Amino acid sequence: MKIIIVGPTLNKGGAERVVSVLSQEWIKSNNVKIVLFDGNDLSYSFSGEIIDLKIPALGGIFFKI
C-alpha cells in the first residue's frame, strides 16, 4: 500500500512526533512518502521519502489568523 503523510514540518512538536513514529512503523509493510511544506529543520527521525515543497511559514500575527 502507498501512504502519503502531509504536514508543515518535522520540527519540534506533538503532531510531528506522531508523523515520525507512524512513518517508522508503516515503512515495514508499506511505501511511505512524507510531504512537508518546509523540510529545512528535521528534529525527528523518519522512514520513507521526504518531499519538500520549500514553502516556509510566514511570520506575524496577520498570517496566523
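One structure accompanies this document, and this report is about it.

What counts and how
Residues numbered from 1 in each chain as written. Predicted model: local features only at pLDDT ≥ 70, side-chain atom pairs only at ≥ 80, totals over all residues. Heavy atoms only, no water. Helix = DSSP H or I, 4+ residues; strand = E, 2+ residues; numbered from the N terminus. Buried < 20%, exposed > 50% of the residue type's maximum accessible area, 1.4 Å probe, protein only. Contact = heavy atoms within 4.5 Å. Areas by Shrake-Rupley, 256 points an atom, 1.4 Å probe, with all protein chains shown as cover.

Take the overall build of the chain next. Looking only at helices and strands, the chain features two helices and three strands. Traced from its N-terminal end to its C-terminal end, the chain shows the element sequence β-α-β-β-α. Per-residue burial over the chain gives 25% buried out of 65 residues. The contacts in the chain between residues at least 6 apart in sequence include a share of 48% that link residues at least 24 apart. When the accessible surface of the chain is split by element, carbon and sulfur atoms take 61% of a total near 4700 Å².

Turning our attention to the environment of isoleucine 3. Of note, isoleucine 3 is situated in strand 1 (residues 2–7). Between the C-alpha atoms of isoleucine 3 and lysine 33, which are 30 residues apart in sequence, the distance is 6.3 Å. Contact partners of isoleucine 3, with chain neighbours within four places excluded, come to Trp26, Asn30, Asn31, Val32 and Lys33.

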